[in-house]
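An overview of the molecular structure
So you can see what is in the structure, the chains are spelled out below.
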Amino acid sequence: MVKDRLAELKSRSKYANHNPDDAGQLEVPLTRSQEEIFQNLEKFSQLTAWIQTIRANITDMRKQIGTSKFHYNNKPIRDRIEEKMKENNQLCQRIYSSIKQLESELGDDSIHRTGVLFRIKNTQFLVIRDDYLSAYREHEELVAYYEHRIMSMMKLEAKAMNYNITDDEALEQLTGNQRSPFAGNLLEETERERQILRDIMTRHSQLEALEKSLMEVRDMFVRISSLVMEQGSLVQVIEYHAQQATLNTDHGAHQLQKAREYKIKALKKRTCLLIWISTALAVLLFLVIIF
């Protein structure tokens with residue numbers, strides 16, 4: 001009868017004290033490239049989260065503006081919309097700064113363009129940049145639609161009260177953030193009170209218009225920088241084709257020079273051949289004359 005020695009062999013094995021459950025707890029050291037890849041993934045994940053927040057705010061604002069209950073005198077709704085617009089502007093500035101920093105890092109790593117790590121980082125950068133530009137355009141379109149709808153409401157209400165209002169006046173009231181631009185005419189009782197109230201509202205509107213102008217200048221710089229970034233890829237393509245055209249021109253000039261040399265050599269050979277033929281004919285003719 002054969003004796004079962006499996007238990008004895010397991011006890012003598014060098015893996016006898018090894019616990020299989022500890023296999024998943026082994027820490028495998030990461031290489032430098034792997035650590036850099038994970039760091040880049042964290043950066044791009046943060047940028048993606050910010051872009052998703054911008055789009056979520058745009059969707060929420062579009063729903064609130066599109067509802068029939070929306071009115072520019074509704075302070076809670078308008079405050080929420082303008083708060084989300086302010087949040088989107090801040091996120092756009094953060095994303096723009098991060099993209100410029102990543103672009104600078106890619107420029108510093110341009111000597112490693114053939115590396116796998118550079119191609120991965122460059123691909124992620126292009127995807128994030130295009131996604132940001134798309135979200136930024138959606139935000140700008142929503143802001144334009146929001147201002148257009150408020151101005152249309154103001155003009156419609158002014159027309160209902162037999163009060164003509166121009167686009168410039170509606171824009172001034174929108175910039176001044178006036179909730180009830182036509183209520184003042186009903187509350188003023190005397191000329192003095194009317195003048196005092198008008199002066200206060202004018203100063204307040206001027207201050208708010210100044211603040212709005214500063215914010216628009218800031219947003220304009222971000223918009224211009226985004227457009228420059230968007231056209232950067234086209235400039236790179238044009239530069240590449242210009243370099244290719246220069247190389248092709250140099251190559252064509254070299255081929256023309258070689259063709260010219262071949263032509264001169266062929267002409268020399270043809271001349272030599274004609275001289276040899278003429279000499280041979282002369283010798284033959286001389287021999288014929290003699291004999």
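Residues numbered from 1 in each chain as written. Predicted model: local features only at pLDDT ≥ 70, side-chain atom pairs only at ≥ 80, totals over all residues. Heavy atoms only, no water.

Counting its secondary structure elements, the protein chain contains seven helices and zero strands. In the protein chain, the succession of helices and strands from N to C terminus is α-α-α-α-α-α-α. Per-residue burial over the protein chain gives 22% buried out of 291 residues. For the protein chain, the accessible surface area stands at approximately 21,900 Å², while carbon and sulfur atoms represent 59% of it. (Helix = DSSP H or I, 4+ residues; strand = E, 2+ residues; numbered from the N terminus. Buried < 20%, exposed > 50% of the residue type's maximum accessible area, 1.4 Å probe, protein only. Areas by Shrake-Rupley, 256 points an atom, 1.4 Å probe, with all protein chains shown as cover.)

There is a patch of nonpolar side chains on the surface, built from Leu 273, Ile 277, Leu 281, Val 283, Leu 284, Phe 286, Leu 287 and Ile 290 and spanning about 760 Å² of accessible area. Examined against the element boundaries, Val 283 turns out to sit in helix α7 (residues 191-290). The exposure class assigned to Val 283 is partly exposed, which follows from its relative accessible area of 43%. (Patch = residues over 30% accessible without salt bridge, like charges linked within 9 Å, V, L, I, M, F, W, Y side chains within 5 Å. Salt bridge = Lys/Arg side-chain N within 4 Å of Asp/Glu carboxyl O.)

In this section: the packing of aromatic side chains. Enumeration over the complete set of coordinates arrives at one aromatic pair. With a centroid separation of 6.0 Å and 40° between ring planes, the pair formed by Tyr 132 and Tyr 136 is classed as tilted. Separated by four residues within a single helix, Tyr 132 and Tyr 136 lie in helix α4 (residues 116-160), roughly one turn from each other. You can call Tyr 132 buried: its relative accessible area is 0%. The lysine or arginine in question, Arg 94, covers the ring of Trp 50, its NZ or CZ lying 5.8 Å from the ring centre. (Phe/Tyr/Trp six-rings, centres within 6.5 Å; stacked < 30°, edge-to-face > 60°. Lys NZ or Arg CZ within 6 Å of the ring centre and 35° of its normal.)

Counting 35 residues, the largest nonpolar core has Ile 81, Ile 95 and Tyr 132 as the members making the most contacts within it. Put simply, the parts of the chain that give this core at least two residues each are α2 (32-66), α3 (75-108), α4 and α7. Of the residues forming this core, the biggest block, 13 residues, is contributed by α4. Apart from residues lying up to four places away in sequence, Ile 95 is in contact with Leu 47, Trp 50, Ile 51, Ile 54 and Tyr 132. (Core = buried A, V, L, I, M, F, W, Y, C linked by side-chain atoms within 4.5 Å. Contact = heavy atoms within 4.5 Å.)

Moving on: the environment of Ile 128. In this fold, Ile 128 is placed in helix α4. Here Ile 128 falls in the buried class, since its relative accessible area comes to 6%. Considered as a pair, Ile 128 and Thr 48 are 80 residues apart in the sequence and their alpha carbons are 7.1 Å apart. With residues near it in sequence (within four places) discarded, Ile 128 still touches Phe 44, Leu 47, Thr 48, Ile 51 and Ile 99.

So, about the pattern of salt bridges. One side chain can pair with another of opposite charge once the charged atoms of both are near each other. As enumerated under the stated definition, the model contains eight salt bridges in all. Residues Arg 129 and Asp 130 are paired through a salt bridge, measuring 3.8 Å at the closest nitrogen-oxygen approach. We classify Asp 130 as partly exposed; its relative accessible area is 42%. Its salt-bridge partner being Asp 219, residue Arg 218 comes within 3.3 Å of it at the nearest N-O pair. With relative accessibility at 32%, the residue Arg 218 sits in the partly exposed group. Residue Asp 219 is classed as buried on the basis of its relative accessible area, which comes to 15%. Where salt bridges share partners, they join Arg 55, Asp 131 and Glu 138 into one cluster.

Further remarks concern the confidence of the model for the protein chain. The predicted model of the protein chain has a mean per-residue pLDDT of 76, with 73% of residues at 70 or higher. For the protein chain, helix α6 (residues 184-187) is the element with the lowest average pLDDT, namely 44, and α3 is the one with the highest, namely 86. Low confidence marks residues 179-189, where pLDDT is under 50. Its contacts with residues over four positions away, or in another chain, come to 17 contacts. (pLDDT = per-residue confidence, 0-100.)

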